[in-house]
Amino acid sequence: MFARSTSKTWLRSSGKRFKTLLRRFAQLENVLKEITPKSIDYSQWYVDVIRKADMVDYSPVKGFMVMKPYSYRVWEFIQAAMNTRFRATGHENAYFPLLIPEHLLQREAKHVEGFSAEVAWVTHGGSELLAERLAVRPTSETIVGAMYSKWIQSYRDLPVLMNQWSNVVRWEKSTRPFLRTTEFLWQEGHTVHRTADEAERETRQQLEIYREVIEGELAIPVVAGVKSAGERFAGAVETYTLEALMSDGRALQIATSHFLGQNFARAFDIQFLDEDGTLKYGWTTSWGSSTRMIGGLIMVHGDDRGLRMPPRVAPIQVVIIPIGRGADGKAVHARCRALADELGSIARVRLDDRPEYTPGYKYNDWEMRGVPLRIEVGPRDLKAEQVVIARRDTGQKTTVALAELPSTVARLLDEVQQELFRQASEYRGRETYTISRCQEADAHGYRGFFRGGWCGSEACADSLKIETGMTIRCLPLEPESNQASCAMCGATSRQQVLLARAY
RNA sequence: CGGGGAGUAGCGCAGCUUGGUAGCGCGCCUGCUUCGGGAGCAGGAGGUCGCAGGUUCAAAUCCUGUCUCUCCGACCA
């Protein structure tokens, strides 16, 4: 036993030393100076990318991070894309308070149970001890429910369709920027409906909106499904989820939508007088997506040179880099400025005219930040009335005549968006396996999505976790085929499930 | 929360074993020369060594505590 633990420790530390060596070697080879290659240390790669791309910084408090402008801008694009769709489906934005009195938080039994371990409490106002402690919201079902019960009296008040953009706090044990932080930004929708059917439809409709935004804007392919009971939101009847596959083969739950039945309506007394004169409980839903999506964006599209931004959410879509000095330089700069003005109406353009850096430095710099298109303008191009365009997604360089530049840029931005989605889809397709026994995932290093049968028992879900480290990510809404037997116990399968190791 | 690793200039690190003037590379500032894939030379600025105690004539170095980051588990968007 002693020998075993010793060798384990040794392996761990020598593994780390080995990684450091490899990393240094990579740096000497000038593969890339600032970013650890994915293949050497994925976690380190992730941290390097977000820091070198100037997306976040750590704060003095554990688990809290600063979102710097370059990542916050991405968040703003996500917000815009979602707000448009929320509004189109009749939702309105509102804002509910940050602090929730303890008695409210405790109204719904399963909900409290689910969140109690990670709630932060406010106990003092100034130096005075509060009569009742106040929870910093981990999510807002309770405070929203309490308010809704005041606002709703008649079926004519329904449906209530509200959304809020806010921060929430969950005291997490281990944190990683974007993926799991103690405080995070998100959007949470809360609705009340007259019938169960309507609430169910709402739940699915919002999941579909998430899919549109995540696939269409972030270029991240997702699998839509239903959570198993063990993975369900605390207090929900049914939780719908979108699962994405990261480039290290682990799954990320990227958005969820909950059908809450009448659980919260009963707990918070959300009742309405129906047309038939009887008092009924409303049917509620809630749905959320967070800055975690940005973490997904990084892990799905990033490569060893850094980020690769899908154009639709890229803070800078086109960077123009002048080449040359002296007399040439002046003409080049004039041309670049003119191009920046011209293209500014069709894309988010940045002219990098910093004199202190060479073009080569700038290429690397902007590639690290994932700018989709780079336009190079040098003396040669000036004479030939052309520019060189380099794509971040494929690395391809092409020469484009000035006359065709605006249309080409517009087309290429569209192509890069498609290509990133195509690459991610192809990867996911390649790394999705159908298995009949969960141990078969071992051959693939438990990297990827695994489709297998499930008998429906929580015991099997638990043993899966213990034996393979995988969890049931969801019961896909569109199962590919139905396995005859459970991948864990071999009994008759109830439905195909998606298995993976998850973030 | 358990177990590893790490905190020294903006970044990456050496120095610590054996206590005695704070170092290197990159970056930064100034000047000149450079510019089609991380430019060159010269000069210069920058650090209460994570924080708090303790030992000592003397602590980056030794001891205790604590905070943060990071990895692996357990718990979760």
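Coordinates for the structure precede this section.
Report on the accompanying structure.

Cut-offs and rules
- Residues numbered from 1 in each chain as written.
- Chains lettered and ligands numbered in written order.
- Predicted model: local features only at pLDDT ≥ 70, side-chain atom pairs only at ≥ 80, totals over all residues.
- Heavy atoms only, no water.
- Near = heavy atom within 4 Å.
- Polar contact = N/O pair within 3.5 Å; in protein donor to acceptor, adjacent residues only side chain to side chain.
- Helix = DSSP H or I, 4+ residues; strand = E, 2+ residues; numbered from the N terminus.
- Pairing = 2+ DSSP bridges.
- Axes fitted to C-alpha atoms, helices over the stretch in contact; angles between N-to-C directions.
- 1 Å grid on protein atoms, 1.4 Å probe; cavity = no way out; pocket = protein on both sides within 12 Å on 5 of 7 lines; lining within 4 Å.
- Points joined across faces, edges and corners; volume = space filled by probe spheres on them.
- Nonpolar A, V, L, I, M, F, W, Y, C, P; charged D, E, K, R; others polar.
- Domains from an automatic or database assignment.

## Brief notes about the protein's contact with RNA strand B
- Residues in contact with RNA strand B amount to 48 residues; listed here are only the nearest, Tyr 58, Arg 180, Thr 181, Arg 292 and Arg 325.
- Restricting attention to atoms of RNA strand B within 4 Å of the protein, one finds that 40% of them are sugar or phosphate atoms.
- Note that a base nitrogen of RNA strand B is positioned 3.0 Å from one of the side-chain N or O atoms of Asn 364.
- At 3.3 Å from a base oxygen of RNA strand B is found a main-chain nitrogen or oxygen belonging to Pro 379.
- The element best represented in the surface near RNA strand B is helix H11 (residues 359-368), accounting for 6 residues.

## Section: the sheet that holds strand S5 (residues 120-125)
- Strand order in the open sheet formed by 3 strands is S4-S6-S5, and the pairing between neighbours is antiparallel. Of all the strands in the sheet, the pair left with one neighbour each is strand S4 (99-101) and S5. Direction aside, neighbouring strands of the sheet carry axes that sit 45 degrees apart on average.
- Note: S5 against strand S6 (residues 128-136), 5 bridges, orientation antiparallel. What sits directly across from Gly 125, in S6, is Glu 128.

## Quick word on the layout of surface pockets
- Size it by volume and the largest pocket reaches roughly 1,300 Å³.
- Of all the elements in the fold, those that place two or more residues in the lining of the largest pocket are helix H5 (109-115), strand S8 (183-193), strand S11 (251-259), strand S14 (283-290) and strand S22 (471-476).
- Tallied by class, residues from the lining of the largest pocket come to 15 nonpolar, 17 polar and 15 charged.
- Two domains share the lining of the largest pocket, each providing at least three of its residues, namely domain 2 (70-97 + 152-301) and domain 4 (432-500).

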